[in-house]
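For reference, the chains in residue letters:
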Amino acid sequence: MTIDTAALRAEQLAKASGVICRDDFGAEPLQLIAGADVGFEQDGEVTRAAFAVLRYPSLELVEYRIARIETQMPYIPGFLSFREAPALLAAWAMLGHHPQLVVVDGHGRSHPRRLGVASHFGLLADVPTIGVAKRRLCGKFEPLAPEAGALQALRDKEEQIGWVWRSKVRCNPLFISTGHRVSLPTALSFVQSCMRGYRLPEPTRWADAIASRRPAFQRWLKEHPQSDAQ
């Protein structure tokens, strides 16, 4: 498969110009927040996207969905959102409860061309999104203190593109950024409000647990045998 990376780069730049970096949630109070996680199966042949929809602010699991589709393009550094977005859209279409905010496991504006998967998906689905990544993709930041709660701005070319935040002591920091229709201060505030003692915020922690059928999700299934969340 031949991929025209020049065309993809031009598309990224065009889409990035449409990303809204201010709060645009509508008038209704936030009641549902979701986490989204993407992975690959069968040696990359299948793309798997999982959504976990939680009540806010209680963070109780309301619904979960998993979509598996044929992977549509190979891995190319810097263009991962084109590989992940189709599965995210497929899982999004399966949801019975559409959340008012989605926390995506990945970058938003903290991307060399300001279009990580959180921004890309937010634009396509027209939903407010926040990117929460486990590794830096670009930008620089001042040394981070070792205690939980330590915070620094992530900057690239004199622009602040995100936050570097240590959510838990003795854990690597998270990289938090605007996805779409969310300001940087609000992105940080929502992620902080979704912490329950783990490194990851509850929305993406649940999405990962559901996608990988981790013990926490297995326990939840046993405790809710009659649930119609699926």
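All figures in this text were calculated on a predicted structure; none of them were measured in a lab. (Residues numbered from 1 in each chain as written. Predicted model: local features only at pLDDT ≥ 70, side-chain atom pairs only at ≥ 80, totals over all residues. Heavy atoms only, no water.)

We now examine the sheet that holds strand β6 (residues 151-156). Working definition: the strands of a sheet are paired by backbone hydrogen bonds and lie parallel or antiparallel to each other. Strand order in the open sheet made by the eight strands is β3-β2-β1-β4-β5-β8-β7-β6, with mixed pairing throughout. Two strands lie at the open edges of the sheet, namely β3 (61-70) and β6, each paired on one side alone. Strand after strand, the sheet turns through a mean of 25° between neighbouring axes, direction not considered. Where strand β7 (residues 159-165) lies against strand β8 (residues 174-180), three bridges are found, and the strand directions are antiparallel. Within β8, the residue paired with Val164 across the bridge is Phe175. (Pairing = 2+ DSSP bridges. Helix = DSSP H or I, 4+ residues; strand = E, 2+ residues; numbered from the N terminus. Axes fitted to C-alpha atoms, helices over the stretch in contact; angles between N-to-C directions.)

As a further point, take the UniProt feature "site: Interaction with target DNA" (unreviewed entry) in the chain. UniProt annotation of "site: Interaction with target DNA" (unreviewed entry) refers to Tyr75 when read in the numbering used here. Within the secondary structure, Tyr75 sits in the loop between β3 and α2 (80-94). Judged by its relative accessible area of 53%, Tyr75 is exposed. Filtering out sequence-adjacent residues up to four positions away, Tyr75 remains in contact with Leu80 and Arg83. (UniProt positions renumbered as here; feature names shortened; annotations may be inferred. Buried < 20%, exposed > 50% of the residue type's maximum accessible area, 1.4 Å probe, protein only. Contact = heavy atoms within 4.5 Å.)

This paragraph deals with helix α4 (residues 184-193). The complete set of buried residues in α4 reads Leu184, Thr186, Ala187, Leu188, Phe190 and Val191. Where α4 is buried, its residues meet β4 (101-105), β5 (129-133), β6, β7 and β8.

Two measures define how a pair of helices packs: the angle their axes make with one another and the distance between the axes. At a closest axis distance of 7 Å, the pairing of helix α5 (residues 202-212) and helix α6 (residues 215-223) adopts a crossing angle of 80°. In this view, α5 runs roughly perpendicular relative to α6, as classed from their interaxial angle. Contact residues: Arg205, Trp206, Ala209 and Ile210 in α5; Ala216, Phe217 and Trp220 in α6. A class-by-class count of the residues in the contact of α5 with α6 yields six nonpolar, no polar and one charged. (Parallel < 35°, antiparallel > 145°, perpendicular 65-115°, else oblique. Nonpolar A, V, L, I, M, F, W, Y, C, P; charged D, E, K, R; others polar.)

The UniProt record annotates "binding site: Mg(2+)" (unreviewed entry) at Asp37 and Asp105. Look at the named residues: they lie 69 residues apart in sequence, but the longest C-alpha span between them is just 5.3 Å, so in the fold they bunch up. Counting through the fold element by element, Asp37 comes out in strand β1 (residues 32-41). Those residues in contact with Asp37 that sit more than four places away from it in its chain are Arg48, Ala49, Ala50, Asp105, Ala207, Asp208 and Ala211. For Asp105, the location among the structural elements is in strand β4. Those residues within four positions of Asp105 in sequence are excluded, and the remaining contacts are Ala36, Asp37, Val117, Val132, Lys134 and Thr204.

The topology assignment puts Thr71 in the loop between β3 and α2. On the basis of relative accessibility, which here comes to 14%, the residue Thr71 falls in the buried class. Within the local environment of Thr71, its side chain forms a polar contact with the side chain of Thr47, the two groups lying 2.8 Å apart. Apart from residues lying up to four places away in sequence, Thr71 is in contact with Phe40, Gly44, Glu45, Val46, Thr47 and Arg83. (Polar contact = N/O pair within 3.5 Å; in protein donor to acceptor, adjacent residues only side chain to side chain.)

This paragraph deals with the pairing of β3. In terms of burial, β3 is largely enclosed, as seven of its 10 residues are buried. Sheet topology note: the strand β2 (residues 46-55)/β3 ladder contains nine bridges and is antiparallel. Paired with Phe51 across the bridge in β3 is Arg65. Where β2 folds back onto β3 in an antiparallel hairpin, the turn is made up of five residues, including Leu59, whose phi is positive at roughly 60°.

This part takes up the side chain of Arg205. With respect to the element layout, Arg205 can be found in helix α5. One polar contact links Arg205 to Glu202, side chain to side chain, over a distance of 2.7 Å. Once you skip the residues sitting within four places of it in the chain, Arg205 turns out to touch Tyr198, Leu200 and Ala216.

Right, let's talk about the pattern of salt bridges for a bit. Here the structure, examined in full by the defined rule, presents 13 salt bridges. Ionic pairing is found between Glu63 and Arg65, a salt bridge with its closest N-O pair at 2.8 Å. Taking the shortest distance from any N to any O, the salt bridge between Arg205 and Glu202 comes out at 2.7 Å. Taken together, the residues span about one helical turn, with Arg205 and Glu202 both in helix α5 at a distance of three residues. Accessibility expressed as a relative area gives 5% for Glu202, which makes it buried. (Salt bridge = Lys/Arg side-chain N within 4 Å of Asp/Glu carboxyl O.)

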